[in-house]
Amino acid sequence: MTVQTQTLRTIAGIINSVETIEGAGFLVRRPFPKSSFSEFDPFLLLDELGPVNLKPGQAKGAPDHPHRGFETVSYILDGRLEHKDSEGHAGLLNPGDVQWMTAGAGVIHSEMPESEFIRTGGKLHGIQLWVNLPQQDKMMAPRYQEIPSAQIPVAQTENGAVTVRVIAGAALGATAVIETRTPIVYLHFTLQPGATIVQPVPKEYNAFAYVLDGSGLFGAEQEPGEDGQMVIFAQDGNEVTIANSAEAQHPLDLLLIAGVPLNEPVVRYGPFVMNTEAEIIQAIDDYRNGRMGHIHA
Ligand code: CO
């Protein structure tokens with residue numbers, strides 16, 4: 001019998017988000033990419049949109065734009081987003097829904113608040129993660145996995161102090177319904193005051209937490225991290241631990257995201273992420289000449 005030793009990872013660093021304006025003018029918080037921290041292999045970008053209370057007519061989105069060579073993962077917490085693309089695909093994302101889009105060889109799409117939501121206004125909150133594709137998958141046919149909230153597996157500890165929504169990977173006995181091209185963990189945890197999690201994350205995965213709300217204590221050394229911060233775990237163990245202090249006034253809401261690094265060259269130009277400069281030039285040319293398609297109204 002082999003006994004595997006469980007070791008808790010320590011913290012490698014804390015990254016503050018930069019506030020930036022995207023698309024037609026919505027505010028996002030972005031821990032990466034930024035000049036000092038361009039990617040966290042295999043992840044290319046993390047954006048937190050809102051939370052923001054929008055007045056009627058105020059909601060803005062991202063009109064037609066292309067993607068090639070990676071995946072975009074949209075997770076809606078509040079509000080409603082509409083999606084339309086060059087493959088003739090359209091969908092509506094409601095709170096709790098996840099859209100895992102594998103852009104592969106290329107799609108042109110728009111991501112806009114739903115028209116009725118624009119009219120009424122309301123709370124908007126969402127997360128977008130970009131997951132890089134390995135060289136062999138960069139030119140694959142585009143693929144969508146649209147999972148309504150009710151189909152996202154949810155698990156709880158016996159005392160109810162920890163809840164997890166399993167978007168990718170597995171936690172507390174629940175396994176995700178979404179398939180990923182390379183091994184990815186994407187977990188949305190809520191910890192009540194005094195709760196602690198110990199989540200297995202194999203050593204070869206790059207792992208981080210992003211705090212959505214509240215503040216917590218991270219890693220073997222219980223490093224503090226709060227709302228809007230990205231907490232990077234060192235690759236020095238096969239478990240991560242996160243706690244919400246017993247004195248906390250609020251639940252701790254966070255994403256735990258991890259993936260096996262691709263260790264391939266990354267050449268990125270806006271919405272195109274490839275392995276070489278020549279492939280980027282090709283992507284721009286394909287886009288400009290309509291070879292990624294068009295959106296039909
Ligand atoms: Co997009």
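Residues numbered from 1 in each chain as written. Predicted model: local features only at pLDDT ≥ 70, side-chain atom pairs only at ≥ 80, totals over all residues. Heavy atoms only, no water.

### Things to note about the overall build of the chain
Part 1: A count of helices and strands for the chain gives two helices and 26 strands.
Part 2: Relative to its length of 297 residues, the chain is compact, with a C-alpha radius of gyration of 19 Å against a globular reference of 19 Å.
Part 3: In terms of its C-alpha atoms, the chain occupies a principal-axis envelope of roughly 55 × 45 × 35 Å.
Part 4: When burial is assessed residue by residue, the chain has 52% of its 297 residues classed as buried. (Helix = DSSP H or I, 4+ residues; strand = E, 2+ residues; numbered from the N terminus. Rg over C-alpha atoms; globule rule 2.2 N^0.38 Å. Buried < 20%, exposed > 50% of the residue type's maximum accessible area, 1.4 Å probe, protein only.)

### Looking at the sheet that holds strand β17 (residues 184-191)
Strand pairing within a sheet occurs via backbone hydrogen bonds; the two strands may be parallel or antiparallel.
Part 1: An order of β1-β22-β19-β24-β17-β14-β13 is seen for the seven strands of this open sheet, with the pairing classed as antiparallel. Each having just a single partner strand, β1 (11-16) and β13 (154-156) make up the two edges of the open sheet. This sheet shows a mean twist of 20° between the axes of neighbouring strands, independent of strand direction. (Pairing = 2+ DSSP bridges. Axes fitted to C-alpha atoms, helices over the stretch in contact; angles between N-to-C directions.)

### Here's the deal with the coordination of the cobalt ion
Part 1: Only His65 (NE2), His67 (NE2), His109 (NE2) and Glu111 (OE) from the protein coordinate the cobalt ion, and they sit 2.0 to 2.4 Å from it.
Part 2: Of note is the cobalt ion, whose four donor atoms meet at the metal with angles of 81 to 176° in an arrangement that counts as irregular.
Part 3: We note that the donor set of the cobalt ion lies within a single chain, spaced as H-x1-H-x41-H-x1-E. Here His65 is found in strand β5 (residues 62-67), whereas its partner His109 is found in strand β10 (residues 107-113), with 44 residues between them in sequence.
Part 4: Taking the relative accessible area as the measure of exposure, His109 reaches 0% and is therefore buried. (Donors = N, O, S within 2.8 Å, 3.2 Å for Na, K, Ca; no water. Tetrahedral: all angles 85-135°; square planar, octahedral: opposite > 155°, others 65-115°.)

### Comments concerning helix α2 (residues 277-288)
Part 1: The end-to-end C-alpha distance of α2, which contains twelve residues, comes to 17 Å, matching closely the 16 Å that a straight helix rising 1.5 Å per residue would cover.
Part 2: Within α2, the full set of buried residues consists of Ile280, Ala283, Ile284 and Asp286. The arc enclosing the buried residues of α2, seen along the axis, measures out at 165°, which places them on a common side. Across from the buried face of α2, at angles greater than 90 degrees, the exposed residues are Ala278, Ile281 and Arg288.
Part 3: Here the buried face of α2 lies against β25 (267-269) and β26 (272-274). (Expected span 1.5 Å × (residues − 1). Arc of directions from axis to C-beta. Contact = heavy atoms within 4.5 Å.)

### With respect to the UniProt feature "domain: Pirin N-terminal" (unreviewed entry) in the chain
Part 1: The positions that UniProt labels "domain: Pirin N-terminal" (unreviewed entry) are, in the present scheme, residues 28-131.
Part 2: Note that residues 28-131 is 6% helix and 61% strand, and that its end C-alpha atoms are spaced 18 Å apart. (UniProt positions renumbered as here; feature names shortened; annotations may be inferred.)

### What to know about the environment of Ser86
Part 1: Tracing the chain through its elements places Ser86 in the loop between β7 (81-85) and β8 (90-93).
Part 2: Judged by relative accessible area, which is 14%, Ser86 ranks as buried.
Part 3: Taking the C-alpha atoms as reference points, Ser86 and Val18, separated by 68 residues in sequence, lie 31 Å from one another.
Part 4: Apart from the residues lying within four places of it in its own chain, the contact partners of Ser86 are Val107, Ile108, Met292, Gly293, His294 and Ile295.

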